[in-house]
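# Topology and contacts: notes
The chain contents come next:
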Amino acid sequence: MEREQKRAIVQDLQKKMVLLAGPRQAGKTTLAKTIMQEFASSTYLTYDRLEDRKIILKESWLPSTELLVLDEIHKMPKWKNYLKGVYDTKLSHQKILVTGSARLEVFNRVGDSLAGRYFLHRLMPLSPAECNQVGISCTIDQFLERGGFPEPFLAQDIIDADRWRLQYIDSLLRVDVLDFENIHNLNAIRLIFELLRRKVGSPISYTSIAEDVALSPNTVKKYIQILEALYIVFRVTPFSKNIARSLLKEPKIYFFDVGLVKGNNGVRFENLVAVCLLKYVFAKIDYRAEDYALKYLHTKERQEVDFALVRDDCVEKMIEVKLADPTIGHSLRYFHEKYRLPAIQVVKELKRETRDEGIDVIQGLKFLKSLNVVEAASTV
């Protein structure tokens, strides 16, 4: 299948270097090789392969190369200085595409800045909106069962999807984490990973997790930041500006792979909505240069709304997620009435859509299909 972001990436390659980041096995390599077909002469080199590494270090690819794809280059010492030199001295006809399974943008503290030399594109797992755009039929249950990563999502049976996930977890924790940073206590980060799988959708306390795993809160925070940098989990933090007494600071943790969540269908559906909303937010930032963020609302009085789309530090829309209950949530109504914030309630199992005093109750699949990345990228 052709990913919907391909056109925007090809266009950006004509202007600057492109950094393509995203979770492991989200489809970056496949997309990069599809993009290579758009050019007369392309070269793919990965830092993980010894033969390719020699070519990378010597910069000995053919001068005729029109598109140079460098994969996992962030594992190279002083990789930003290297890329800066390659980009500044490349031939005029050459384009550079850099891919990696870590957050390339988190390395701003390392080496010379690449500012002004690249566009960032983040490739997320498949979503109902993307499936709808490329003509693949899907159901929410399919996403809840398999997650949105291409291989398990498109697998012929659930056993193949489960076998993929076992290998995926092992690869994340035994390879990616150790490649990213020298971790002396791999068992501890694995235990934190397992605890987070059971805490999806709830504000987490670093101190509480630290007590469970017998580590310091700072170490727990560091390990979670590593999982975040590797696109394994992401944090949704509370929004507080102009919301009186919204003082709770604990983040909520979600997984990029919905299949990793250990919980009931309600929790897994909330995680699915979180991933789709984040994918939409990334598209708004990467393709429209708009100041978007994904937050949640929570007050000291325990009034909480699952998500808030925030634009220019103002809540654009509140989203409450329910598995089957169409009754407007008390907290959603509270924030809507008190602060006049636009609000919708997304319900997976909904017989009839309604509108109650300005709050829309929307069927889950319809809402998720509306979060279209292509529309966000349409002005590129």
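Located above this text is the structure these notes cover.
Residues numbered from 1 in each chain as written. Predicted model: local features only at pLDDT ≥ 70, side-chain atom pairs only at ≥ 80, totals over all residues. Heavy atoms only, no water.

A few words now on the pairing of strand 3 (residues 67–71). Within strand 3, 5 of the 5 residues are buried, which leaves the element mostly enclosed by the surrounding structure. Here strand 3 shows no split at all, with Leu67, Val69 and Asp71 on one side and Leu68 and Leu70 on the other all buried. Bridge analysis of strand 2 (residues 42–46) against strand 3 gives 5 bridges, and the strand direction is parallel. The partner of Thr43 across the bridge, within strand 3, is Leu68. In this sheet, strand 4 (residues 95–100) lies alongside strand 3 in parallel orientation, the contact comprising 5 bridges. From the neighbouring strand, Leu67 faces strand 4, where its bridge partner is Lys95. (Buried < 20%, exposed > 50% of the residue type's maximum accessible area, 1.4 Å probe, protein only. Helix = DSSP H or I, 4+ residues; strand = E, 2+ residues; numbered from the N terminus. Pairing = 2+ DSSP bridges.)

Further remarks concern the side chain of Asn372. For Asn372, the location among the structural elements is in the loop between helix 14 (364–369) and helix 15 (373–377). Those residues in contact with Asn372 that sit more than four places away from it in its chain are Glu4, Ala129, Gln133 and Tyr280. (Contact = heavy atoms within 4.5 Å.)

With that settled, consider the nonpolar core. One finds Ile73, Leu83 and Phe367 to be the most contacted residues of the largest nonpolar core, which totals 93 residues. Among the elements that line this core, the one with the most residues is helix 12 (residues 265–288), at 11 residues. Leave out the neighbours within four places in its chain, and Phe367 touches Val273, Leu277, Ile319, Ile344, Val346 and Ile362. Formed by 17 residues, the second largest nonpolar core is a distinct cluster that contains Val305, Leu332, Phe335 and Val347. (Core = buried A, V, L, I, M, F, W, Y, C linked by side-chain atoms within 4.5 Å.)

This brings us to helix 13 (residues 330–339). Ser331, Leu332, Phe335, His336 and Tyr339 are the residues of helix 13 that are buried. Taken down its axis, helix 13 places every buried residue within 135° of arc, on the same side. A positive phi of about 55° marks Arg340, the residue just after helix 13. (Arc of directions from axis to C-beta.)

So, on to the sheet that holds strand 5 (residues 118–122). Pairing in this open sheet of 5 strands is parallel, and the strands run 2-3-4-1-5 from one edge to the other. Two strands in the sheet have a free side with no partner beyond their single neighbour: strand 2 and strand 5. Strand-to-strand twist in this sheet, taken as the mean axis angle between neighbours without regard to direction, amounts to 15°. Strand direction decides the pairing type here: strand 1 (residues 17–21) and strand 5, joined by 5 bridges, are parallel. What sits directly across from Leu19, in strand 5, is Leu120. (Axes fitted to C-alpha atoms, helices over the stretch in contact; angles between N-to-C directions.)

Within this structure, the stated rule accounts for 33 salt bridges. We note a salt bridge from Arg49 to Glu51, for which the minimum N-O separation is 3.9 Å. Judged by its relative accessible area of 45%, Glu51 is partly exposed. Here the salt bridges share partners, and the residues they tie into one network are Lys284, Arg288, Glu290, Arg311 and Glu316. (Salt bridge = Lys/Arg side-chain N within 4 Å of Asp/Glu carboxyl O.)

With respect to topology, 8 strands assemble into an open sheet ordered 7-6-8-9-10-11-13-12, the strand pairing being mixed. Edge positions in the sheet fall to strand 7 (252–255) and strand 12 (354–356), since each of these pairs with one other strand and no more. Strand-to-strand twist of the sheet, defined as the mean angle between neighbouring strand axes without regard to direction, takes the value 30°. Inspection of the sheet shows strand 6 (residues 233–238) paired to strand 7 by 4 bridges, in the antiparallel sense. Note on strand 7: the bridge partner recorded for Phe234 is Tyr254. Packed onto the sheet, helix 13 meets strand 8 (292–298), strand 9 (304–311), strand 10 (314–322), strand 11 (343–347), strand 12 and strand 13 (359–363) and runs at close to 40° relative to strand 9.

All told, the structure shown has 11 aromatic pairs when counted by the stated rule. Where Trp164 meets Tyr168, the ring centres are 4.5 Å apart and the plane angle is 15°; that geometry is what we call stacked. Taken together, the residues Trp164 and Tyr168, both in helix 8 (residues 158–180) and 4 residues apart, mark about one turn of the helix. Judged by relative accessible area, Trp164 falls into the buried class, the value being 4%. Counting every residue linked through ring pairs, the aromatic cluster contains Tyr231, Phe234, Tyr254, Phe256 and Phe307. Seen from the ring of Phe307, Lys252 lies directly overhead, with NZ or CZ sitting 5.3 Å from the centre. Sitting over the ring of Tyr339, Lys338 keeps its end group 5.7 Å from the ring centre. (Phe/Tyr/Trp six-rings, centres within 6.5 Å; stacked < 30°, edge-to-face > 60°. Lys NZ or Arg CZ within 6 Å of the ring centre and 35° of its normal.)

This part takes up a negative patch on the surface. Together, Glu151, Asp157, Asp160 and Asp162 make up a region of like negative charge exposed at the surface. As for its placement among the helices and strands, Glu151 is situated in helix 7 (residues 150–154). (Patch = residues over 30% accessible without salt bridge, like charges linked within 9 Å, V, L, I, M, F, W, Y side chains within 5 Å. Areas by Shrake-Rupley, 256 points an atom, 1.4 Å probe, with all protein chains shown as cover. Lys, Arg positive; Asp, Glu negative; His and termini not counted. Charge placed at Lys NZ, Arg CZ, Asp CG, Glu CD.)

A few words on unusual backbone geometry. Here Asp312, not a glycine, exhibits a phi torsion of approximately 50°, which is positive. Mapping Asp312 onto the fold places it in the loop between strand 9 and strand 10. Phi at Glu357 takes a positive value of approximately 50°, unusual for a residue other than glycine. Along the polypeptide, Glu357 turns up in the loop between strand 12 and strand 13. Relative accessible area serves as the criterion here: at 58%, Glu357 is assigned to the exposed category.

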